[in-house]
Amino acid sequence: MTRFFLITSLLITSHLFSQKATLSPYSFYGLGESLFSGTADQRSMGGLVAHVDSIHHNVSSPASLAELKLVNYNIGANYSRRNFISDANSSKNETAGIDYMTVAIPTKYFGFGFGLLPKTAVGYRLSVSDEINGLSSNSNYEGNGGINQVFFSLGFSPVKNLGIGASVHYNFGSIFRVHTRQEDGIDLLSQLNNESELRGVEWNLSSYYKIHLSNRLQMQLHYAYQPRADLESLNARSISTFTSLGEQRDTQEVNLSLEGLDETRSELPAKQTIGGGIGEPKKWYIGGQWSDTDGSIDNSFYAVGSVQYEPASQLSIGGYFIPEYDSFSSYWKRIVYRFGFVSSKTGMILNDKAIENNGITFGVGLPVAGFSNVNMGFELGKLGAGDDSLIEENYVNIRIGFSLNDRWFIKRKYN
């Protein structure tokens, strides 16, 4: 199992940084589309992170490491199909890539974990035609890149039923944006190139508390907080001219230091999550959570006058059901069936309309050797504002995650 994980990691790590995680036109703004840094089983429950158990690594809650009993390897991948509808036309696209790669290790006194996660993604191709004083022009906009994060987490239990933990995240990535313009009667095309290299550190603090209501029923309470953090951006800009055949004629680097834009700083907003749920361990669970972010990620280098920002929020409701986790007679009874609902305000306002994201989720956890499992999840939703002047995205996301468990630091009694 260890060899399988290491070989797979080597094969996919280089692809992780070059993948195009989104093709949404809404990633045109700010630092791109914010991504949920959770595993496939969490996404199948509406993004619910207010739940911990002993065999899954809850990457969104470092306190969950206090509950972990087995070494856990997590690899996740996704496939997304989106249908874009506007008052003018419609289009479709598909993307696929790696979601996450993590390792979590329990010890006698604490648990720790590390891994690689996406944070934001930029991916769009837009075309706009204008006509001024009888002269027509065509502009093409294209962007790609995003922010990834390497993290290290630590969690422990100071007293029975209480877990606390902290994660440190190092954010890094590159964003590329290109604006190409062609005007009638002019042979050469002009192209504006923007590039940013981003770096920064942020923290995630979390806790949970379990309350035993009876011999079977258990309640879990969760709280997580991400304080404000800075994200530094080193920027470059150039202007080029091309022939209609794509032959480059001239390139001029722009001195951004004259405008104070060669180095900019973004403030990552603070975020808090409150949640909880009730259930019978290894049988069923249902819970909910509320997340509130006091602003949106933005950068003055990519400031666009048509967009405004407000505090973002998200409501998640979800749970799972296991018919009989230790059944010997039926494999289907040991499958975990998950469901969920998510509704969020992205924090972005266009044409005085708040951009919202709503969806339903469901999935299964398929047991494999030992305590390992394969988690498959499906998400159906809509992103947009329900306004004819804006683009509406209808999407279908399919996610698969391999949660592989092993035992370390235990001396064998028999060979």
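First, a word on what this report is: a plain description of the structure on this page. Along every chain, residues carry numbers that run from 1 in the direction the sequence is written. The predicted nature of this model means local features are confined to residues of pLDDT at least 70 and side-chain atom pairs, given and counted, to a pLDDT of 80 or more, with totals for whole chains, interfaces and linings taken over all residues. Side-chain calculation: all heavy atoms of the structure are included, whereas hydrogens and water are not.

## Focus: a nonpolar patch on the surface
Patch construction takes residues with relative accessible area above 30% that form no salt bridge. Like charges are linked within 9 Å, and nonpolar side chains (Val, Leu, Ile, Met, Phe, Trp, Tyr) are linked within 5 Å. Each accessible area is a Shrake-Rupley result for a 1.4 Å probe, and residues are judged covered by the shown protein chains and nothing else. Take a side-chain nitrogen of Lys or Arg and a carboxyl oxygen of Asp or Glu: if they are within 4 Å of each other, that pair is a salt bridge. Nonpolar side chains collect at one region of the surface, where Y79, I286, W290, L315, I317, F339, F341, I360, F362, L380, V396 and I398 lie side by side and expose about 960 Å² of accessible area between them. Strands here are runs of E lasting at least two residues and helices are runs of H or I lasting at least four, both read from the DSSP assignment and numbered beginning at the N terminus. Looking at the nonpolar patch, the elements that each hand over two or more residues are β13 (284-293), β15 (312-321), β16 (336-350), β17 (353-367) and β19 (392-406). By relative accessible area, which is 32% here, I398 ends up partly exposed. Partly exposed describes any residue whose relative accessible area lies between the buried limit of under 20% and the exposed limit of over 50%, with all areas from a 1.4 Å probe on protein chains only and scaled to the type maximum.

## Some words on the pattern of salt bridges
For the coordinates displayed, the defined rule picks out 14 salt bridges. The residue R43 makes a salt bridge to E379 at a minimum N-O spacing of 2.9 Å. Highlighted residues: R43 in helix α2 (residues 40-43) and E379 in strand β18 (residues 373-384), separated in sequence by 336 residues. Residue R43 is classed as buried on the basis of its relative accessible area, which comes to 16%. The class of E379 is buried, set by a relative accessible area of 8%. Between R199 and E197 there is a salt bridge; the shortest N-O distance is 3.7 Å. We classify R199 as partly exposed; its relative accessible area is 36%. Salt bridges sharing common partners tie together R43, D99, E379 and R399.

## Remarks on the pairing of β15
Note: β13 against β15, 10 bridges, orientation antiparallel. Residue G288 lies in a different strand from β15, and its bridge partner there is I317. Strand pairing is defined by DSSP finding a minimum of two bridges between the two strands. Relative to β16, β15 runs antiparallel, the two being bridged by 9 bridges. The residue of β16 that forms the bridge with G318 is G340.

## Description of the environment of A77
Locating A77 in the fold gives a position in strand β2 (residues 71-85). Every residue pair with non-hydrogen atoms within 4.5 Å of one another is taken to be in contact. Once you skip the residues sitting within four places of it in the chain, A77 turns out to touch G97, I98, D99, I398, R399 and I400.

## Looking at the environment of T241
Relative to the assigned elements, T241 resides in strand β9 (residues 229-242). On a C-alpha basis, the gap between T241 and I274 in space is 52 Å, while along the polypeptide they are 33 residues apart. Those residues in contact with T241, other than ones at most four positions away along the chain, are L188, L189, E247, Q248, R249 and D250.

## Overview of the packing of aromatic side chains
We call Phe, Tyr and Trp rings a pair once their centres come within 6.5 Å, taking the six-membered ring for Trp, and we label the pair stacked below 30 degrees between planes, edge-to-face above 60, and tilted otherwise. This structure, assessed with the given rule, holds 9 aromatic pairs. Geometrically, the ring pair formed by F28 and Y124 is edge-to-face, given 5.3 Å between the ring centres and 75° between the ring planes. With F28 in the loop between α1 (2-18) and β1 (33-34) and Y124 in strand β4 (residues 111-132), this pair connects stretches of sequence that are 96 residues apart. Y124 gets classed as buried once you look at its relative accessible area, which sits at 2%. Ring geometry for F28 and Y141: centres 6.0 Å apart, planes at 90°, overall edge-to-face. Highlighted residues: F28 in the loop between α1 and β1 and Y141 in strand β5 (residues 135-156), separated in sequence by 113 residues. Each residue in the set F28, Y29, Y124 and Y141 is aromatic and connected to the rest through ring pairs, giving one cluster.

## What to know about the side chain of H57
Relative to the elements of secondary structure, H57 occurs in the loop between α2 and β2. Counted as a polar contact is a pair of N or O atoms within 3.5 Å, where, for protein atoms, one must be capable of donating a hydrogen and the other of accepting one, and residues adjacent in sequence contribute only when both atoms are in side chains. Only 3.5 Å separates the side chain of H57 from the side chain of T102, close enough to count as a polar contact. Setting aside anything within four residues of it in sequence, one finds H57 in contact with T39, L65, N72, N74, T102, V103, A104 and F151.

Limitation: the analysis is restricted to geometry and does not speak to function.
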